[in-house]
Amino acid sequence: MPNEFANRVIKGQQIVADDWTVLRLEEGQEPATVEVAAGKVIVPLKVWQAQKEALAARPEIGVWLQSDERPEELKGELDKFSVVAVNFPKFTDGRGYSIAYNLRMRLGYTGELRAIGDVLRDQLFQMKRTGFDAYAPRPDRSIEDALKGLTVFSETYQASVDDKLPLFRRHARTAGAREHNDIGSGI
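What comes next is a walk through the structure. (Residues numbered from 1 in each chain as written. Predicted model: local features only at pLDDT ≥ 70, side-chain atom pairs only at ≥ 80, totals over all residues. Heavy atoms only, no water.)

### Considering the overall build of the protein
Line of reasoning, step 1. Of the regular secondary structure elements, the protein holds 7 helices and 8 strands.
Line of reasoning, step 2. Burial analysis of the protein (187 residues in total) assigns 39% to the buried set.
Line of reasoning, step 3. Of the roughly 11,300 Å² that the protein leaves accessible, carbon and sulfur atoms contribute 51%. (Helix = DSSP H or I, 4+ residues; strand = E, 2+ residues; numbered from the N terminus. Buried < 20%, exposed > 50% of the residue type's maximum accessible area, 1.4 Å probe, protein only. Areas by Shrake-Rupley, 256 points an atom, 1.4 Å probe, with all protein chains shown as cover.)

### Regarding the sheet that holds strand β5 (residues 61-65)
Line of reasoning, step 1. Read across the open sheet, the 8 strands follow the order β2-β1-β8-β7-β6-β5-β4-β3; overall the sheet is mixed. The open sheet has two edge strands, β2 (14-17) and β3 (21-22), and neither has a second partner.
Line of reasoning, step 2. As paired elements, β3 and strand β4 (residues 41-44) share 2 bridges and run parallel to each other. Note on β4: the bridge partner recorded for T21 is V41. (Pairing = 2+ DSSP bridges.)

### Focus: the side chain of R58
Line of reasoning, step 1. As for its placement among the helices and strands, R58 is situated in the loop between α2 (52-56) and β5.
Line of reasoning, step 2. Salt bridges are absent for the buried R58, whose nearest opposite-charge side chain, E35, sits at 8.4 Å.
Line of reasoning, step 3. A distance of 3.5 Å separates a polar side-chain atom of R58 from the backbone oxygen of V36.
Line of reasoning, step 4. If near-sequence neighbours (up to four positions away) are discounted, R58 is found in contact with V36, A37, A38, G39 and V41. (Lys, Arg positive; Asp, Glu negative; His and termini not counted. Salt bridge = Lys/Arg side-chain N within 4 Å of Asp/Glu carboxyl O. Polar contact = N/O pair within 3.5 Å; in protein donor to acceptor, adjacent residues only side chain to side chain. Contact = heavy atoms within 4.5 Å.)

### So, the nonpolar core
One recurring pattern in soluble globular proteins is that nonpolar side chains are buried together.
Line of reasoning, step 1. Judged by nonpolar contacts, the single largest core of 33 residues is most densely connected at V43, W48, L103, M127 and F132.
Line of reasoning, step 2. At the level of elements, β4, α1 (45-50), β5, β6 (83-88), α3 (95-106), β7 (112-117), α4 (121-129) and α5 (143-148) are the ones that each hand at least two residues to this core.
Line of reasoning, step 3. With 4 residues, the single largest contributor to this core is α3.
Line of reasoning, step 4. Residues within four places of V43 in sequence aside, it is in contact with L23, V36, W48, L55, I61, G62, V63 and W64.
Line of reasoning, step 5. Counting 8 residues, the second largest nonpolar core, distinct from the first, contains V9, W20, A85 and A136. (Core = buried A, V, L, I, M, F, W, Y, C linked by side-chain atoms within 4.5 Å.)

### A word on the side chain of Q123
Line of reasoning, step 1. Within the secondary structure, Q123 is located in helix α4.
Line of reasoning, step 2. Judged by relative accessible area, Q123 falls into the buried class, the value being 2%.
Line of reasoning, step 3. Of note is the side chain of Q123, whose polar atom sits 2.6 Å from the backbone nitrogen of L120.

### Quick notes on the environment of K128
Line of reasoning, step 1. Structurally, K128 is set in helix α4.
Line of reasoning, step 2. Sequence separation between K128 and R114 is 14 residues, and the spatial gap between their C-alpha atoms is 10.0 Å.

### Remarks on the pairing of β5
Line of reasoning, step 1. Of all 5 residues in β5, 5 are buried; the element is thus mostly enclosed.
Line of reasoning, step 2. Covered by surrounding structure in β5 are I61, V63 and L65 together with G62 and W64, the residues of both alternating faces.
Line of reasoning, step 3. Here β4 pairs with β5 via 4 bridges, running parallel. In the strand pairing of β5, I42 is matched with G62.
Line of reasoning, step 4. The pairing of β5 with β6 spans 4 bridges and is classified as parallel. Within β6, the position partnered with W64 by the bridge is A85.

### Focus on the pattern of salt bridges
Side chains that carry opposite charge are capable of pairing whenever their charged atoms lie near each other.
Line of reasoning, step 1. The full count for this structure, using the stated rule, is 14 salt bridges.
Line of reasoning, step 2. With a shortest N-O distance of 2.6 Å, E77 and K52 are connected by a salt bridge. Taken as a pair, E77 in the loop between β5 and β6 and K52 in helix α2 lie far apart in primary sequence, 25 residues in all.
Line of reasoning, step 3. The buried category is assigned to E77, whose relative accessible area is 12%.
Line of reasoning, step 4. The exposure class of K52 is partly exposed, given its relative accessible area of 31%.
Line of reasoning, step 5. R114 is the salt-bridge partner of E112, the closest N and O atoms lying 2.9 Å from each other.
Line of reasoning, step 6. Owing to a relative accessible area of 14%, E112 belongs among the buried residues under this scheme.
Line of reasoning, step 7. Several salt bridges converge on common partners, so that one network encompasses K11, D18, E112 and R114.

Have a look at this one:
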């Protein structure tokens with residue numbers, strides 16, 4: 001009996017049906033010759049590079065990056081993708097955060113940015129801060145529980161992709177507070 005909850009992801013702050021398939025190469029498959037099924041498919045970067053001409057003609061294609069691949073390899077091509085995914089091969093590999101940040105801030109990617117792989121609840125809040133807006137949690141974990149990871153904190157101190165100003169710039173100070181601070185500082 002198929003699992004009715006297997007093909008779901010978190011997008012924004014909601015759990016939704018996932019109509020995308022992530023293509024993962026099996027041992028012995030070559031990027032240039034692997035068959036990419038019809039429909040919405042997120043292909044590895046190496047498959048995109050090897051089959052670019054054929055895949056670029058497809059209306060809905062996505063690409064995913066391994067944590068050791070550079071997002072700059074997609075510079076000038078990001079507008080071709082409905083979704084870009086970043087694979088987290090294991091929970092302790094944090095390079096995906098930098099990839100997401102660079103895709104958003106340096107390369108200007110505005111489409112769906114999805115975290116795939118070893119994605120756990122504890123990571124989601126920081127993933128959101130660095131630019132992810134979709135998450136495919138590990139299938140052996142509760143997606144409902146993972147969703148709660150996006151709201152763990154009510155405020156952040158540092159600036160990031162999701163909030164360009166640090167807390168001290170967002171906080172409105174009153175005139176009385178400034179006077180108190182000036183007195184205490186000897187000004």
